[in-house]
Amino acid sequence: ELVELSNQVVKGRVMTSIEAAQEVGLAVLTTSTLLGGELARIKLSSVTDNDAPDWSSAQKAIQYPRTTKGVTSSIFSVENAAQVAENTRVSRLPRAI
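Residues numbered from 1 in each chain as written. Predicted model: local features only at pLDDT ≥ 70, side-chain atom pairs only at ≥ 80, totals over all residues. Heavy atoms only, no water.

Observations concerning the overall build of the chain
Of the regular secondary structure elements, the chain holds four helices and four strands. Secondary structure elements of the chain occur, N-terminal to C-terminal, as β-β-α-β-α-α-β-α. When each of the 97 residues of the chain is scored for burial, the buried share is 32%. In the chain, of all internal contacts separated by at least 6 residues, the share reaching a separation of at least 24 is 56%. Carbon and sulfur atoms form 53% of the exposed surface of the chain, whose accessible area is close to 6,300 Å². (Helix = DSSP H or I, 4+ residues; strand = E, 2+ residues; numbered from the N terminus. Buried < 20%, exposed > 50% of the residue type's maximum accessible area, 1.4 Å probe, protein only. Contact = heavy atoms within 4.5 Å. Areas by Shrake-Rupley, 256 points an atom, 1.4 Å probe, with all protein chains shown as cover.)

Below, the structure written as structure tokens:
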């Protein structure tokens, strides 16, 4: 919804929430990056196998907000040290500017 649903009006223009935040100078922080594991189960078009062919679905889900223009930070949770190691590999790919 943040990047697809145009339901905000700023200066007379209808735009998405993320566009509205950018327009008024607000930073965007996302939470529930993995949506309880749901995003890890679906194919994310912004992160292809060409970008990271050996990456897990969870890593690709974490990369998704990093490639979304206007998102400054994203919070995700992990259950153990192995998940921390796996998920921090995402920092090797560039993020959106």
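Text resumes after the structure shown.
Some points on the side chain of Gln63
Structurally, Gln63 is set in helix 3 (residues 57-66). Here the side chain of Gln63 touches Arg66 through a polar contact of 2.5 Å, side chain to side chain. (Polar contact = N/O pair within 3.5 Å; in protein donor to acceptor, adjacent residues only side chain to side chain.)

Things to note about unusual backbone geometry
Within the chain, Lys11 stands out as a residue other than glycine whose phi angle is a positive 55°. With respect to the element layout, Lys11 can be found in the loop between strand 1 (6-10) and strand 2 (13-16).

Observations concerning the environment of Thr72
Relative to the assigned elements, Thr72 resides in strand 4 (residues 71-74). A relative accessible area of 43% means that Thr72 is categorised as partly exposed. Residues in contact with Thr72, not counting those within four places in the same chain, are Ala27, Val28, Leu29 and Arg95.

Thoughts on the pairing of strand 2
Pairing analysis gives four bridges linking strand 1 to strand 2, with the strands arranged antiparallel. The partner of Ser6 across the bridge, within strand 2, is Thr16. From the end of strand 1 to the start of strand 2, which pair antiparallel, there are two residues, and Lys11 there has a positive phi angle of about 55°. (Pairing = 2+ DSSP bridges.)

Things to note about the side chain of Arg66
Within the secondary structure layout, Arg66 lies in helix 3. Among the polar contacts made by the side chain of Arg66, one reaches the main-chain carbonyl oxygen of Val90 at a distance of 3.0 Å.

A closer look at the environment of Ala58
Mapped onto the elements, Ala58 comes out in helix 3. As a C-alpha pair, Ala58 and Gln83 span 25 residues in sequence and 9.5 Å in three-dimensional space.

Points about the pattern of salt bridges
Inspection of the entire model under this criterion finds two salt bridges. With a closest N to O distance of 3.5 Å, Lys11 and Glu23 form a salt bridge. Here the residue Lys11 occupies a position in the loop between strand 1 and strand 2, and Glu23 occupies one in helix 1 (residues 17-23), the gap between them amounting to twelve residues. Assessed through its relative accessible area of 69%, Lys11 is described here as exposed. Looking at Glu23, the relative accessible area reads 34%, which means it is partly exposed. Each member of the salt-bridge network shares a partner with another, and the members are Lys11, Arg13 and Glu23. (Salt bridge = Lys/Arg side-chain N within 4 Å of Asp/Glu carboxyl O.)

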